[in-house]
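# Summary of the model geometry
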Amino acid sequence: MDQDIREQVRARYALAAVQGTGDAGCCGGSDGCCDGTDVVVDERFGAGLYGAEDAAAVPAEALAASLGCGNPLVVAELREGERVLDLGSGGGIDVLLSARRVGESGFAYGVDMTDEMLELARANAERAGATNVEFRKGTIEDLPLDDATVDVVVSNCVVNLSTDKPAVLAEAFRVLVPGGRVGISDVVAEDHLTPAQRAERGSYVGCIAGALSRTEYLEGLAAAGFVDAVVEPTHAVADGMHGAIVRARKPVAAG
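Computed from a prediction, not measured in an experiment: that's the story for all the values here.

### Points about the packing of aromatic side chains
Evaluation of the coordinates by the stated rule reveals two aromatic pairs. With centroids separated by 4.8 Å and ring planes inclined at 55 degrees, the aromatic side chains of Phe107 and Tyr109 adopt a geometry described as tilted. Under the relative-accessibility criterion, Phe107 is labelled partly exposed at 21%. Overall, Tyr109 belongs to the buried group, its relative accessible area being 14%. Taking the ring centre of Phe173 as reference, the NZ or CZ of Lys250 above it sits at 4.7 Å.

Set out below in structure tokens:
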């Protein structure tokens, strides 16, 4: 079952990359986007969640391929010289924006499992003239990076798509340096909603059915070893479901 869901997610994002639009309605909107039918623009997801300055700073192709539910770079408060990893980097918008914020002395990695998205992201990096970026193929449950490689892990509406979220959070913890932090935009359910009720509100590939509740997120971060975790809703995406910002820190004493 988990492998079936992963393949559905991969196929859905491959289609978005090939279509070259990555329309915001695909993530959380009409499930018709997954079968090649017309897509309805959905302001709860996608390019509209970036400010005008960020939107103008990346190639139009990267902006169009945005399928997220927030702007994790604002959440993460990136600084000059930092090394950043984007989980599920898609068309590359958050990697390219990260690269601009950390400057030439910093570096931004993107990890994605979809060949079509990786191809699009690398083309967008070339269009942007970005030299401090690298896109690697892999899954967010088994990251292709060494231990203690990055200062910051970001992600934009991707953790909810994983069927093994404890592995995702554990991998984020592993690749962070001691004292490093996560800044994630994700869909989060209110605590009273059961998994079945979440599924009633939207599909897994639409970023709804697989969402954690606020308490589940906090417990998962703590189990992975993170401290100072917060989950703050930002906007509604369905009844009892919200776009949210998730922050946490790896203890300085952590190995």
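### Some details on the pairing of strand E5 (residues 176-189)
Here is the key point about a regular strand: its side chains alternate between the two faces of the sheet. Within E5, twelve of the 14 residues are buried, which leaves the element mostly enclosed by the surrounding structure. By the bridge criterion, six bridges tie strand E4 (residues 150-156) to E5 in an arrangement that is parallel. What sits directly across from Val152, in E5, is Arg181. One crossover worth recording links E4 to the parallel E5 by way of helix H7 (residues 165-175), and it is right-handed. Across two bridges, E5 lies against strand E6 (residues 212-213) in parallel orientation.

### Section: the pairing of strand E7 (residues 227-238)
As paired strands, E7 and strand E8 (residues 241-249) are joined by eight bridges and run antiparallel to one another. Looking at the pairing, Val231 lines up with Val246 of E8. The hairpin turn running from E7 into E8, its antiparallel successor, is two residues long, and Gly240 in that turn takes a positive phi close to 80 degrees.

### Examining the packing of H7 against helix H9 (residues 214-224)
Running from N to C, H7 and H9 cross one another at 45 degrees; their axes reach a closest spacing of 9 Å. Here H7 is positioned oblique relative to H9, judged by the angle of their axes. Our pair here, H7 against H9, has a crossing hand that is right-handed. The residues of H9 that touch H7, namely those facing Leu169, Ala170 and Phe173, are Tyr217, Gly220, Leu221 and Ala224. Its residues placed into classes, the contact of H7 with H9 shows six nonpolar, one polar and no charged.

### Some details on H7
With eight of eleven residues buried, H7 lies mostly within the body of the structure. Every buried residue of H7 is listed here: Lys165, Ala167, Val168, Leu169, Glu171, Ala172, Phe173 and Val175. For H7, the elements touching its buried residues are strand E1 (83-87), E4, E5, E6 and H9.

### Here's the deal with the nonpolar core
Membership of the largest hydrophobic core comes to 29 residues, with the highest contact counts inside it found for Leu85, Val150, Val153, Val182, Tyr217 and Phe226. Broken down by secondary-structure element, the contributors of at least two residues to this core are E1, strand E2 (107-112), E4, H7, E5, H9 and E8. Considering each element in turn, this core owes the most residues, five residues, to H7. For Leu85, the residues in contact, after removing those within four places along its chain, are Tyr109, Val111, Leu143, Leu145, Val150, Val152, Val153, Val154 and Val175. Counting residues in each nonpolar core, the second largest holds ten residues, with Leu193, Ala211, Val237 and Met241 among its members.

### Some remarks on the environment of Glu216
Relative to the helices and strands, Glu216 resides in helix H9. Note: C-alpha distance between Glu216 and Asp191 (25 residues apart in sequence) is 8.1 Å.

### Remarks on helix H5 (residues 93-102)
Most of H5 sits inside the fold, with eight of its ten residues counted as buried. Of the positions making up H5, those classed as buried are Ile93, Asp94, Val95, Leu96, Leu97, Ser98, Ala99 and Val102. Of the residues flanking the end of H5, it is Gly103, one or two places downstream, whose phi is positive at about 75 degrees.

### Observations concerning unusual backbone geometry
A negative phi angle is the norm for most residues apart from glycine, just as the trans form is the norm for most peptide bonds. Phi at Cys157 is positive, roughly 60 degrees, even though this residue is not glycine. Structurally, Cys157 is set in the loop between E4 and H7. Judged by its relative accessible area of 1%, Cys157 falls in the buried class. One non-glycine residue, Asp228, lies in the positive phi region at around 55 degrees. As for its position among the elements, Asp228 is in strand E7. Classification of Asp228 as exposed rests on a relative accessible area of 53%.

Conventions used here
- Residues numbered from 1 in each chain as written.
- Predicted model: local features only at pLDDT ≥ 70, side-chain atom pairs only at ≥ 80, totals over all residues.
- Heavy atoms only, no water.
- Phe/Tyr/Trp six-rings, centres within 6.5 Å; stacked < 30°, edge-to-face > 60°.
- Buried < 20%, exposed > 50% of the residue type's maximum accessible area, 1.4 Å probe, protein only.
- Lys NZ or Arg CZ within 6 Å of the ring centre and 35° of its normal.
- Helix = DSSP H or I, 4+ residues; strand = E, 2+ residues; numbered from the N terminus.
- Pairing = 2+ DSSP bridges.
- Right-handed = clockwise from strand over helix to strand, strands pointing away.
- Axes fitted to C-alpha atoms, helices over the stretch in contact; angles between N-to-C directions.
- Parallel < 35°, antiparallel > 145°, perpendicular 65-115°, else oblique.
- Left-handed = near helix turned anticlockwise from the far one by under 90°.
- Contact = heavy atoms within 4.5 Å.
- Nonpolar A, V, L, I, M, F, W, Y, C, P; charged D, E, K, R; others polar.
- Core = buried A, V, L, I, M, F, W, Y, C linked by side-chain atoms within 4.5 Å.

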